[in-house]
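Coordinate inspection notes
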Amino acid sequence: MPDGGNLVRSMSTSSDFEIELDTAASAWLDSHPGDEPRVIVYQVHRCCGGARICDVQVRQQSRRDDISTYATAVMKDGTRIAIDPRAAARLPSRFRLTVRGLGPLKHLDLDLNGEQWGVLLYD
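Since this is a predicted model, take the numbers as computed values, not measurements.

What counts, and at which threshold
Sequence order sets the numbering: in each chain, residues are counted from 1 along the sequence as written. Totals for whole chains, interfaces and linings use all residues, but because this is a predicted model, local features are given only for residues with pLDDT of at least 70 and pairs of side-chain atoms are given and counted only at 80 or more. Computation of side-chain values: all heavy atoms of the structure, hydrogens and water removed. Secondary structure elements follow DSSP: runs of H or I of four or more residues count as helices, runs of E of two or more count as strands, with numbering from the N terminus. Pairing of N or O atoms within 3.5 Å defines a polar contact, subject to two protein rules: one partner must be a possible hydrogen donor and the other a possible acceptor, and residues neighboring in sequence count only if both atoms are side-chain atoms. Contacts are assigned to residue pairs with any non-hydrogen atoms lying within 4.5 Å of each other. Only strands joined by at least two bridges in the DSSP assignment are considered to pair. Buried means the residue's accessible area, taken with a 1.4 Å probe over protein chains only, is under 20% of the maximum for its type, while exposed means over 50%, and partly exposed covers the values in between. The rule for a salt bridge is simple: a side-chain nitrogen of Lys or Arg has to be within 4 Å of a carboxyl oxygen of Asp or Glu.

What follows concerns the side chain of threonine 98. Turning to its location among the elements, threonine 98 is positioned in strand 8 (residues 94-100). At a separation of 2.4 Å, a polar atom in the side chain of threonine 98 contacts the side chain of aspartate 22. Threonine 98 has contacts with Asp22, Ala25, His107, Leu108, Asp109, Leu110 and Asp111, leaving out every residue within four places of it along the chain.

The pairing of strand 3 (residues 17-21) with strand 8 spans 4 bridges and is parallel. Residue pairing in the sheet places leucine 21 in a bridge with leucine 97 of strand 8. Hairpin connection, strand 8 to strand 9 (residues 107-111): the antiparallel pair is bridged by 6 residues, and glycine 101 has positive phi, about 100°.

This paragraph deals with the side chain of aspartate 84. Structurally, the position occupied by aspartate 84 is in the loop between strand 7 (80-83) and helix 2 (85-88). On the accessibility criterion, aspartate 84 (5% relative accessible area) is buried. Among the polar contacts made by the side chain of aspartate 84, one reaches the main-chain amide nitrogen of arginine 86 at a distance of 2.8 Å. Residue contacts for aspartate 84: discarding those within four places in its chain leaves Ile40, Val41, Tyr42 and Tyr70.

This part covers the pattern of salt bridges. Under the counting rule described, the total for this entry stands at 8 salt bridges. For arginine 94, the salt bridge is made with glutamate 18, and the minimal N-O distance between the two is 3.4 Å. Of this pair, arginine 94 sits in strand 8 while glutamate 18 sits in strand 3; the two residues are 76 residues apart in sequence, bridging distant segments of the chain. Its salt-bridge partner being aspartate 111, residue arginine 96 comes within 3.3 Å of it at the nearest N-O pair. Linking arginine 96 in strand 8 with aspartate 111 in strand 9, this pair joins segments that are 15 residues apart in sequence. With relative accessibility at 32%, the residue arginine 96 sits in the partly exposed group. Residue class for aspartate 111 comes out partly exposed when judged on its relative accessible area of 30%. One network of salt bridges, in which partners are shared, links Asp22, Arg96, Arg100, Asp109 and Asp111.

The structure is reproduced here in structure tokens:
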């Protein structure tokens, strides 16, 4: 939200989640530093047949993101990540990040088991 020309960017000060990084995620974060905090966003789209398509992404915070209602996750090094409340309601309290994709399409992603993905995307 704009506040005198500045974006208000606050999130819960207490940690609701603990995130672990695998070796690939640690290396990816080291090679992709950023000024903005990272966020885990949850998006729901409807297709023409009425089906619900859910998408979860780990990415840099953008100017459009209002993280004031987001949950907070903390990595072992103290880095905080904001989590969309819709995803936070479905995620386990401890989870890992990994890297998926090939070449320039590599990106951070959640490392969940099949049941956890099912709860996150389909419940």
